[in-house]
Amino acid sequence: MSATELPARHGEPPAGHSELMDGVYRWQRHIYNLTRKYYLLGRDRLISGLEVPARGTVLELGCGTGRNIVLAARRYPDARFFGLDISAEMLETATAAIAREGLSGRVTLARSDATDFDAKALFSVERFDRIFVSYSLSMIPSWEKTIFAALAALSPGGSLHVVDFGQQEALPRWFRTLLRGWLRKFHVEPREALRDVLQFESARTGATLQFRTLYRGYTWLAVIKIAV
């Protein structure tokens, strides 16, 4: 079954946003990895910090072209990986990349909405040791719901890892203006309230939060660890 035929089942992607993402990335997906490596900073740092336990389970929300999940699967060869995305076009590219790397036996993909997904229905897995979201929250309209859903799908002792655009706090104003204008062309909006939401959810769930500002605020990197 190809990625475009993957059933959405529970948490079926909203037609409007799904079609928007397919339209944005129908052609962009072919050059996505080549172009994004220059400005989606901090992704490899997130992967190295996953520290997946032996035979652990890892879910990526908004897996896109599969770039991150392929690198993570190589780094943690004993783990099982799962990825979901709202765009059938991106999943088609991800499925091909995973097959080329010989990882189809350890990586399972599904088309679903990251704000409302049923992991058991999609993957026959209820809880994950690690969940990560890389530069996807800035593209999801109801991005807070993605954080809620991710935390609900973590195993005790598990962790949620997030990397995304920061607020460019220490960068020149002209740079921020140019960057925001460029990002809007791809329906991307850095989430000013990201730190506040993560802090609130950490306190609500009794979890611990590590929040780092990288590259003068260009990138925010966060880890929420759930208590055992």
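Residues numbered from 1 in each chain as written. Predicted model: local features only at pLDDT ≥ 70, side-chain atom pairs only at ≥ 80, totals over all residues. Heavy atoms only, no water.

A. Structural context of the sheet that holds strand S1 (residues 57-61). The strand order across the open sheet formed by seven strands is S3-S2-S1-S4-S5-S7-S6, and the pairing between neighbours is mixed. On the outer flanks of this sheet lie strand S3 (107-111) and strand S6 (208-214), each paired with one strand and no other. Taken pair by pair, the neighbouring strands of this sheet meet at an average axis angle of 15°, ignoring direction. Bridge count for strand S4 (residues 128-134) against strand S5 (residues 154-165) is six bridges, and the pairing is parallel. In the sheet register, Phe128 faces S5, and the bridge partner there is Leu154. Against the sheet, helix H7 (residues 143-152) contacts S1, S4, S5 and strand S7 (219-225), and its axis sits at roughly 155° relative to S5. (Pairing = 2+ DSSP bridges. Helix = DSSP H or I, 4+ residues; strand = E, 2+ residues; numbered from the N terminus. Axes fitted to C-alpha atoms, helices over the stretch in contact; angles between N-to-C directions. Contact = heavy atoms within 4.5 Å.)

B. Summary view of the pattern of salt bridges. Evaluated as defined, the whole model comprises five salt bridges. For Glu126, the salt bridge is made with Lys120, and the minimal N-O distance between the two is 3.7 Å. Residue classification places Glu126 among the partly exposed residues on the basis of a relative accessible area of 47%. The closest approach of N and O atoms between Glu201 and Arg204, which form a salt bridge, is 2.5 Å. With Glu201 and Arg204 both in helix H9 (residues 194-205) and three residues apart, this pair spans about one turn of that helix. Exposure remark for Glu201: the relative accessible area of 3% places this residue in the buried category. Judged by its relative accessible area of 53%, Arg204 falls in the exposed class. (Salt bridge = Lys/Arg side-chain N within 4 Å of Asp/Glu carboxyl O. Buried < 20%, exposed > 50% of the residue type's maximum accessible area, 1.4 Å probe, protein only.)

C. A look at the confidence of the model for the protein. Chain-level statistics for the protein give a pLDDT mean of 87 and a share of 83% at 70 or above. Residue range residues 1-14 is modelled with pLDDT below 50. Its contacts to residues more than four positions away, or to other chains, number 35 contacts. pLDDT under 50 marks residues 29-35. Its contacts with residues more than four places away, or in other chains, come to 11 contacts. (pLDDT = per-residue confidence, 0-100.)

D. Structural context of the packing of H7 against H9. Contact geometry of H7 with H9 gives a least axis separation of 11 Å together with a crossing angle of 30°. The pairing of H7 with H9 is recorded here as roughly parallel in orientation. Read as a crossing pair, H7 and H9 show a hand that is right-handed. Residues Trp143, Glu144, Ile147, Phe148 and Leu151 of H7 touch H9, and the partners they reach there are Leu194, Val197, Leu198 and Glu201. (Parallel < 35°, antiparallel > 145°, perpendicular 65-115°, else oblique. Left-handed = near helix turned anticlockwise from the far one by under 90°.)

E. Local environment of the packing of aromatic side chains. Scanning all chains against the criterion turns up eight aromatic pairs. Seen from their ring centres, Trp174 and Phe175 are 6.0 Å apart, and the 80° between their planes marks the pair as edge-to-face. Overall, the relative accessible area of 56% leaves Trp174 in the exposed class. Considering the side-chain rings of Trp182 and Phe186, the 5.0 Å spacing of their centres and the 65° angle between planes classify their relative orientation as edge-to-face. For Trp182, a relative accessible area of 39% gives the class partly exposed. With a relative accessible area of 11%, Phe186 lands in the buried category. An aromatic cluster of three or more residues is present, and its members are Tyr135, Phe165, Trp174, Phe175 and Tyr218. The residue whose ring lies beneath Arg195 is Trp220, and the NZ or CZ to ring-centre distance is 5.7 Å. (Phe/Tyr/Trp six-rings, centres within 6.5 Å; stacked < 30°, edge-to-face > 60°. Lys NZ or Arg CZ within 6 Å of the ring centre and 35° of its normal.)

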